[in-house]
Structure formats: structure tokens, C-alpha cells
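Spelled out, the chains give:
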Amino acid sequence: MEIELLPLVLVLLASFFQGTFGLGMKYMAPLKWEAWWLIHAFVAMILVPILWALLVIPDLFSVIANTESTVLWLAAFYGFLWGVGGILFGVSVEKTGISITYGIVMGLAASMGSIIPLFQIEGAISQPSFPIILVGVALLLVGVAITAIAGVQRDRLKAESSAPDKAIKLGVFIAVASGVLSAFLNVGFSNAALVAKVAIDQYGVGTQNASLASWVVVLLGAFLMNGGYAILRLAQNKSWGSYNSPSSRKAYTWAIVSGIFWFAALGVYGQGAALMGDMGPVIGWPILLGLALIISNVWAYRAGEWKNAKKPFTILLMGLGVLILAICILGYSNY
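Predicted model, so just to flag it, every value in this text is computed and none were measured.

Draft legend 1. Structural view of the overall build of the chain. A count of helical and extended segments in the chain gives 13 helices and zero strands. Secondary structure of the chain in N-to-C order comes out as α-α-α-α-α-α-α-α-α-α-α-α-α. Here the C-alpha radius of gyration of the chain, 20 Å, is about what a compact globule of 335 residues would show, namely 20 Å. By its C-alpha atoms, the chain is 60 × 50 × 35 Å across when sized along the principal axes. Across the chain, every contact between residues at least 6 apart in sequence was considered, and the portion connecting residues at least 24 apart equals 85%. Of the roughly 15500 Å² of accessible surface on the chain, 68% is carried by carbon and sulfur atoms.

Draft legend 2. Spatial organisation of the packing of aromatic side chains. Counted under the stated rule, the structure contains 17 aromatic pairs. Linked through ring pairs, W33, W36, W37 and Y229 together constitute an aromatic cluster.

Draft legend 3. Spatial organisation of the pattern of salt bridges. Counted under the stated rule, the structure contains two salt bridges. Salt-bridge contacts for E34 lead to R233; the nearest nitrogen and oxygen are separated by 3.5 Å. Of this pair, E34 sits in helix α2 (residues 33–56) while R233 sits in helix α10 (residues 207–236); the two residues are 199 residues apart in sequence, bridging distant segments of the chain. We classify R233 as partly exposed; its relative accessible area is 25%. As a salt-bridge pair, D201 and K197 come within 2.6 Å of each other at their nearest N and O atoms. Linking D201 with K197, this pair stays in helix α9 (residues 193–203), spanning four residues, or about one helical turn.

Draft legend 4. Local environment of α10. Its 30 residues place the ends of α10 44 Å apart at the C-alpha level, agreeing with the 44 Å of an ideal helix rising 1.5 Å per residue. For α10, the principal kink sits at A222 and spans about 25°. Residue K238 follows α10 closely and has a positive phi angle near 50°.

Draft legend 5. Highlighting the environment of V187. For V187, the location among the structural elements is in helix α8 (residues 184–191). For V187, a relative accessible area of 0% translates into the label buried. Linking V187 and Y78, residues 109 residues apart in sequence, is a C-alpha distance of 7.0 Å. Not counting residues up to four positions away in its chain, the partners in contact with V187 are Y78, I116, P117 and Q120.

Draft legend 6. Spotlight on the nonpolar core. By size, the foremost hydrophobic cluster in this structure holds 91 residues, and its most contacted members are M45, L185, W215, L219, W262 and Y269. It is α2 that provides the largest number of residues to this core, a total of 13 residues. Not counting residues up to four positions away in its chain, the partners in contact with L219 are A44, M45, P49, L185, W262, F263 and L266. Y78, L81, F184 and V187 belong to the second largest nonpolar core, which has five residues in total.

Draft legend 7. Highlighting the packing of helix α12 (residues 280–302) against helix α13 (residues 310–332). The contact between α12 and α13 brings their axes to 10 Å, and the two run at 155°. One element, α12, and the other, α13, form an angle in the roughly antiparallel class. The handedness of the crossing between α12 and α13 is left-handed. Along the contact surface, α12 presents I283, P286, I287, G290, L291, L293, I294, N297 and Y301, while α13 presents F313, L316, L320, L323, I324, I327, L330 and G331. Residues that form the contact of α12 with α13 fall into these classes: 14 nonpolar, three polar and no charged.

About the thresholds
Starting afresh in each chain, residues are numbered from 1 along the sequence in its written order. Only residues with pLDDT of at least 70 get local features here, since the model is predicted, and only at 80 or more are side-chain atom pairs given and counted; chain-wide, interface and lining totals rely on the full set of residues. Note that water and hydrogens are dropped before the side-chain values are worked out from all heavy atoms of the structure. Going along the chain from the N terminus, every DSSP run of H or I of four or more residues is numbered as a helix, and every run of E of two or more is numbered as a strand. Throughout, the radius of gyration refers to the C-alpha atoms, and the reference size of a globule is 2.2 Å times the residue count to the power 0.38. Any pair of residues with heavy atoms lying within 4.5 Å of one another is described as a contacting pair. In this description, accessible areas are obtained by the Shrake-Rupley approach with a 1.4 Å probe, and a residue is regarded as covered only by the protein chains that are shown. Any Phe, Tyr or Trp ring, taking Trp's six-membered ring, that has another such ring centre within 6.5 Å forms a pair; planes under 30 degrees apart are called stacked, those over 60 apart edge-to-face, and the others tilted. Definition used for salt bridges: Asp or Glu carboxyl oxygen within 4 Å of a side-chain nitrogen of Lys or Arg. The classification of residues rests on relative accessible area computed with a 1.4 Å probe and restricted to protein chains. Under 20% of the type maximum is buried, over 50% is exposed, and intermediate values are partly exposed. By this rule the span expected of a helix is its residue count minus one, scaled by 1.5 Å. Bend at a residue means the angle formed by two fitted axes: the first through the 7 residues ending at that position, the second through the 7 residues beginning there. In this text, buried Ala, Val, Leu, Ile, Met, Phe, Trp, Tyr and Cys residues form a nonpolar core when linked through side-chain atoms within 4.5 Å. A fitted line through C-alpha atoms serves as each axis, taken over the contacting stretch for helices, and the angle formed by two N-to-C directions is quoted from 0 to 180°. Here roughly perpendicular refers to angles of 65 to 115 degrees, roughly parallel to angles under 35, roughly antiparallel to angles over 145, and oblique to all remaining angles. Two helices cross in a left-handed way if the nearer one is turned anticlockwise from the farther one by less than a right angle. They cross in a right-handed way if the turn is clockwise. The nonpolar class holds Ala, Val, Leu, Ile, Met, Phe, Trp, Tyr, Cys and Pro. Asp, Glu, Lys and Arg form the charged class, and all remaining residues, Gly among them, are polar.

In C-alpha cells:
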């Protein structure tokens, strides 16, 4: 395989994992949400990232110890902010529905998660790829908006009643906050590049594998929020007994599998972005989320979620077409 194509192939593979891991959320029962989520978050944000990183970076903890503490704290803080965004996502879904929330969050997370790292790069505006990236990100936003409209129209066909306008407006506001905060997962990864640099310069780790050290730091902050919130819910709802629910083996299995897939997406994406150079997080992130949206809709179609919704499905195809065009433009901007 040509080395120039490897980064893009890795991001494409990561998109498959990102668009697929959510299937496991359909199999939470009989576990309570918070019981399932604590297992999922621990596997996705602590266990798999650390084990994978240790496999390729035996001196992982020395790498982290030799990185400036301000870099570590800031990267972990960005991960924590992303965790807050994830919790707000669930709140917004309850008020507005999955389609509106998903569209807003994906659009803002993809665009801001790309633009913020872009402007953190010295001389970014003078880069020849700068206008191409802006066009790609703008088209990505259009594609996400069209798919969100398709989802809303599909939900209206299936819904017997709609939520009050006040609840929807509040839900949209929360979704916007969620989208902005969700972008900080990639911002954290971009700002944790100095962790990877220590692994490369001082421990001779390859560029591709060194990116895994960055994720370990960012996701410690992410787990602090996600795991902490799940434990709080377990205590408030007195639902620790959920772990003893009969016939819960399938729920446990899917919590673990979806956790593995979730970090597989980030780990492989990080490797691809690292090989793209300084512009990797800028270009790779919107490609990752745009393709993941396409893949998740493919799974939704196979599950029959677009059945008897011909007009919304036609709109969806238009949105996916725009997303594919945006992804091609963003991919081109790296070459």
C-alpha cells in the first residue's frame, strides 16, 4: 500500500468502528443505563486505551511522567469537557428526539473539532490547503443538516405525538452546547501531541503508535466525567443491584464489545491523523465523523428504521451524497 494512502485508509477504518459501536446500546436490558454505561466507559476510556498503548509503548507511564504537567492537565480537561457534552447529548435526545440532536451535535462537533485545531497551527491561514479545508467543512455541515432534516421528517411520520415547543427549544439549546463540547475530544487529542512527541523523541516510538499515548491522557479526563456521572446515577437511583439482574450476560457482552469498538475508532483515527502531520486532526476528524454518520445510517436502514419513509429516505440520500463530496474534498486537501 502506498504510504500516502495509509493515513486515509486508517481514518476510513476508524469511521467503520465509530459508525458501528452504537449498535451495542440496543442491548442494555436488563441492566440499567448507568450500570451498562459504567462498564462501557471503563472498557472504552481506561482499559483498552492503556492496554493497547502498553503493547506498543512499553514505557507508556514514563512517557507521561516526562511530559509537562500543564500539557497533561489541559488535555485531560478537554477530555472532561467532551464528557460533559456526552451527558448533555442524552438530555437533549429526551427533549427533541435523536434525529435533531444527532444532526446538531455531529455538525458542530465535526466543524468546531476541525476549525479549533486549525487556528491553533501557526501560519494556518497561509497554508495552500486552508480554503479547501474550509469548503470541505462547510459542505460537511450542509450534508449533516440535510440528513438531520431527513431524520426529523422520518420521525414525524412515525410519531403519534410531538413534544411541546418549549421542550424542543430547550432541547435544541442543549444540543448546541453538546455539539460545542463534543468537539473538545479532538481538540484534546490535538493539544496532547506533545505527549506523542516525548514518546517519539525520547523513547524512539513510531509516529503512528505514539498517538496512542495522547489518547490515554485525554480519556482519563473523559472517564472522570462519564464514570463519575454513572456512579452518581447508580447511587441516586440505588441501582447497583442491576448488576445482579438475571439473563444480563448479553448486556455485559455488548457493553464490552461496544467499548472496544468505540476506542478502536479513536485509536485507529489517531494513528491516521498522526501520519497526516500537523493537519491530521484538522482533516481527519471531519472525515471520521462524516463517514461514521453515513455508516450509522446504513445500519439504521438495514434495521428497517427507514421503512415506509420514501420521501425522507430520498432526502437522506441527498445528504449522504453531500457528505461524500465533502469527505472527498477534505481528503484531497491533504495531498
